[in-house]
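# Inside the fold
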Amino acid sequence: MPPGAFVHADATVTFTAPKICHAIPMACDLMGDLRVAPIGSPAALYEDDPQIQLALVTPESIAPCFGPRARDSNKGRFGTCW
């Protein structure tokens, strides 16, 4: 846990786009359900800036990368990491 006082939230609201702290431990473990609320910021402020390389990975965004696996599958049949 982080040093000092902290809140374990049920939900967190952020404006315009997720921030780095929403993706890294320990903050992400304490924020609960993340909601991104629009406040009228032009998308060009963050979508067209090459300095901003943060994306929120969701189950829906990566689902196309995975297909059904046979019941007798194991990790050795689906690639390795060196």
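Look above for the structure.
Here's a quick rundown of the structure. These numbers were taken from a predicted model, which means no experiment stands behind them.

## Some thoughts on the overall build of the protein
Along its length, the protein carries three helices and two strands. Overall, the protein shows an N-to-C arrangement of helices and strands of β-α-β-α-α. In summary, the protein has a C-alpha radius of gyration of 18 Å against a globular reference of 12 Å for 82 residues, an excess of more than 25%. Taken along its principal axes, the extent of the C-alpha atoms in the protein is 50 × 35 × 25 Å. Here the protein, with 82 residues, has 10% of them falling under the buried criterion. Summing over all exposed atoms, the protein offers an accessible surface of approximately 7100 Å²; the carbon and sulfur share of this is 61%.

## Considerations on a nonpolar patch on the surface
Together, V13, F15 and I39 give the surface a local cluster of nonpolar side chains, amounting to about 300 Å² of exposed area. As for its placement among the helices and strands, V13 is situated in strand β1 (residues 11-15).

## Considerations on the side chain of T12
Relative to the helices and strands, T12 resides in strand β1. A polar side-chain atom of T12 sits 2.7 Å from the main-chain carbonyl oxygen of M31. With near-sequence residues (within four places) excluded, T12 lies in contact with H22, M31, D33, L34 and R35.

## Considering unusual backbone geometry
A cis amide bond, omega 0 degrees, links P25 with the succeeding residue M26. Position of M26 relative to the elements: it lies in the loop between β1 and α1 (27-30). A positive phi is found at T16, a non-glycine position, where the angle reads about 75 degrees. Mapped onto the fold, T16 is located in the loop between β1 and α1.

## Some points on the state of the cysteines
One pass over the full model with this rule turns up zero disulfides. For C28, which is in no disulfide, the shortest distance to another cysteine sulfur is to C21 and amounts to 9.5 Å.

## Looking at the pattern of salt bridges
Overall, the coordinates contain one salt bridge when judged by the stated rule. Across the pair D33 and R35 runs a salt bridge whose closest N-O atoms are separated by 2.6 Å.

## What to know about the side chain of T14
Structurally, T14 is set in strand β1. Using a relative accessible area of 7% as the deciding quantity, one classes T14 as buried. In terms of polar contacts, T14 uses its side chain to reach the side chain of K19, at 2.9 Å. When residues no more than four places from it in sequence are discounted, the contact partners of T14 are K19, H22, L34, R35, V36 and A37.

Rules behind the numbers
- Residues numbered from 1 in each chain as written.
- Predicted model: local features only at pLDDT ≥ 70, side-chain atom pairs only at ≥ 80, totals over all residues.
- Heavy atoms only, no water.
- Helix = DSSP H or I, 4+ residues; strand = E, 2+ residues; numbered from the N terminus.
- Rg over C-alpha atoms; globule rule 2.2 N^0.38 Å.
- Buried < 20%, exposed > 50% of the residue type's maximum accessible area, 1.4 Å probe, protein only.
- Areas by Shrake-Rupley, 256 points an atom, 1.4 Å probe, with all protein chains shown as cover.
- Patch = residues over 30% accessible without salt bridge, like charges linked within 9 Å, V, L, I, M, F, W, Y side chains within 5 Å.
- Salt bridge = Lys/Arg side-chain N within 4 Å of Asp/Glu carboxyl O.
- Polar contact = N/O pair within 3.5 Å; in protein donor to acceptor, adjacent residues only side chain to side chain.
- Contact = heavy atoms within 4.5 Å.
- Disulfide = S-S within 2.5 Å.

Bear in mind that shape data such as this cannot, by itself, settle questions of function.
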